[in-house]
Amino acid sequence: MNADIHIDEALQTLREGSSHGEAETDTSSDTSNSGKFLYNAVESKGDVYENSDRPYLGFFEGPEKTLEVCYRPGIGGDAYDSATSEPIGMRRLAREDLDEVCSKARCTIMSKVSNQYLDAYVLSESSLFVYPHMVVLKTCGTTTLLRCIAKLIELGKKVGLDVNWVGYSRKNFNFPFDQQYPHESFHQEIEYINSHRHLAENLNGNAYTLGPVTDDHWFVYVADKTIRSVSLDTDTDRVLNVMMFDIDEKVAEKFYYEQYKKELLGETTEEELKGEESALKISRMMTKAAGIDALVPGSVIDPRAFEPCGYSMNAILFKSYSTMHVTPEAGSSYASFETNQKFTSYTALINNVVNTFKPKRFVLTLMADEGGLRQINDIPLFAHTSSSVFIPVVNGNKGDTMDYKRQNLASIQVEDDCCCMMGNFVLDGNSGFTEEELQRIAEKRRASKLRGMSVGGVM
């Protein structure tokens, strides 16, 4: 059957409202978490919140919160002013402005790479991408990402830009009770946006949930202020995110810092190993050992290895970015790969990413404009595609594959022309699992279901 027919059917389903993804309507209060952990109370002072750091509890919330803010251009769509060759729009912001944005999210800038079109920053907790008329901020762990929105709106006005579109999204938390205000539940996040004195008057968006609330699901909030007559030519935009859980133990081992320090000991001193030059060298070694450089051919790569473990990477290629983040801790191992590169088929990219980390399960999400969705011929999120994904095993025997079963599929159209899709994929069968691994995975998924849904509000 013609691919265009499938896309038309998908778009029609989205317009009518998919039964898989419904608008979030929960208005009940959050249940108390006093029985889980004892935390200091949070005191609100405008958009400043005082709270001591919570202790590390032996796990890490890998899946990122993602915020995208688009601006209405006042001086054209080029990345540089043709007369002065100076950056325009949000790229004109001083480093101090970006530092203030990051501080509100409780993270810091580690490094930066740039090209003609964008600036990409590796953060202590994920990534920041700055275009002339768009800012994308991803943060993991217990960061407070939503506290950045008001500042980003303010900074847009500082350089003469009005907000055009705001999108916030995340997967349900594995450890929701470790989050800080305003991220202790999706209900609380939306309440924060709607009640914030600097946001309520600017946004007025809508919230959605895709996927089963008893399993992995995806929260999306969109405020669309686009004036179509003056909009940039961005109607084919799309962002793909692959979130992988329970990554292969041998792969996870590659993201521990100490082994690379030992490799360098023969050519450098203990004191030099503490320096930035050695940190950059170890970051490149980790990138090569894990095969991550092969996922972004031709791109400018900015990797960062963390002590004692963990990894982040930004890659830029013309107008597109790719970003990867890895938390290898046993019991909460996770890796993500996100890109806004425009492909007609995403099959090879998804296969390569999943094959690199060999997770026990992964969640695939796609956010795309209608025009962008029409340009995609092949992705395992379309209803007409196979519910199984067979990924050839690199360096395995001929014909060996990792077989993933798509457990569920969700799709919805939000606002005028933004389409959201997600699917949950689980390694099919018990091949390769020990009895202990199977029991641990089952217990984790049961616990995740209980943590991810509460009587008082969806997490």
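Residues numbered from 1 in each chain as written. Predicted model: local features only at pLDDT ≥ 70, side-chain atom pairs only at ≥ 80, totals over all residues. Heavy atoms only, no water.

### Observations concerning the environment of threonine 139
Right, so step 1: Mapped onto the elements of the fold, threonine 139 is located in strand S8 (residues 134-139).
Right, so step 2: Distance in space between the C-alpha atoms of threonine 139 and arginine 106 is 9.1 Å, their sequence separation being 33 residues.
Right, so step 3: In this structure threonine 139 touches Glu64, Lys65, Ala105, Cys107, Glu125, Ser126 and Leu145, once residues within four positions along its chain are discounted. (Helix = DSSP H or I, 4+ residues; strand = E, 2+ residues; numbered from the N terminus. Contact = heavy atoms within 4.5 Å.)

### Some remarks on helix H3 (residues 149-158)
The α-helix winds at 3.6 residues per turn, so residues separated by three or four positions along the chain end up facing the same way.
Right, so step 1: Of all ten residues that make up H3, seven are buried, and the element is covered over most of its length.
Right, so step 2: Packing partners of the buried residues in H3 comprise strand S4 (65-72), helix H2 (95-105), S8, strand S9 (162-171) and helix H4 (186-195). (Buried < 20%, exposed > 50% of the residue type's maximum accessible area, 1.4 Å probe, protein only.)

### Looking at the pairing of S8
Right, so step 1: Where burial is concerned, most of S8 is hidden: six out of the six residues are buried.
Right, so step 2: Across six bridges, the pairing between S4 and S8 is antiparallel. By the bridge assignment for S8, lysine 65 is matched with threonine 139.
Right, so step 3: Of the pairings in the sheet, the one linking strand S7 (residues 126-131) to S8 comprises six bridges and is antiparallel in character. Among the inter-strand pairings, valine 130 is bridged to a residue of S8, identified as valine 135.
Right, so step 4: Hairpin connection, S7 to S8: the antiparallel pair is bridged by two residues. (Pairing = 2+ DSSP bridges.)

### Observations concerning the sheet that holds strand S19 (residues 401-414)
Right, so step 1: Reading across the sheet, the nine strands line up as S13-S14-S15-S16-S12-S17-S20-S19-S18 and stay open at both edges, with antiparallel pairing between neighbours. Each of the sheet's edge strands pairs with one partner strand only, and the pair in question is strand S13 (300-305) and strand S18 (388-392). Strand-to-strand twist in this sheet, taken as the mean axis angle between neighbours without regard to direction, amounts to 15°.
Right, so step 2: Packed on one face of the sheet, helix H8 (residues 276-290) meets S13 and strand S14 (311-317) and runs near 110° to S13. (Axes fitted to C-alpha atoms, helices over the stretch in contact; angles between N-to-C directions.)

### A few points about the packing of aromatic side chains
Right, so step 1: Under the criterion given, the structure shown has nine aromatic pairs.
Right, so step 2: Both rings, one in phenylalanine 255 and one in tyrosine 311, keep their centres 5.6 Å apart while their planes meet at 55°; by these two values the pair is tilted. Here tyrosine 311 lies in strand S14 and phenylalanine 255 lies in the loop between helix H5 (249-252) and helix H6 (258-264), a separation of 56 residues in the sequence.
Right, so step 3: For phenylalanine 255, a relative accessible area of 0% gives the class buried.
Right, so step 4: On the numbers, 5.1 Å between centres and 70° between planes, the contact of phenylalanine 362 with tyrosine 404 is edge-to-face. Placement of phenylalanine 362 in strand S17 (residues 361-369) and of tyrosine 404 in strand S19 is noted, with a sequence separation of 42 residues between them.
Right, so step 5: Residue classification places phenylalanine 362 among the buried positions, given a relative accessible area of 1%.
Right, so step 6: Three or more aromatic residues link up through ring pairs in this structure, and these residues are Phe255, Tyr311 and Phe357.
Right, so step 7: The lysine or arginine in question, arginine 170, covers the ring of phenylalanine 173, its NZ or CZ lying 3.8 Å from the ring centre.
Right, so step 8: Seen from the ring of phenylalanine 245, arginine 361 lies directly overhead, with NZ or CZ sitting 4.3 Å from the centre. (Phe/Tyr/Trp six-rings, centres within 6.5 Å; stacked < 30°, edge-to-face > 60°. Lys NZ or Arg CZ within 6 Å of the ring centre and 35° of its normal.)

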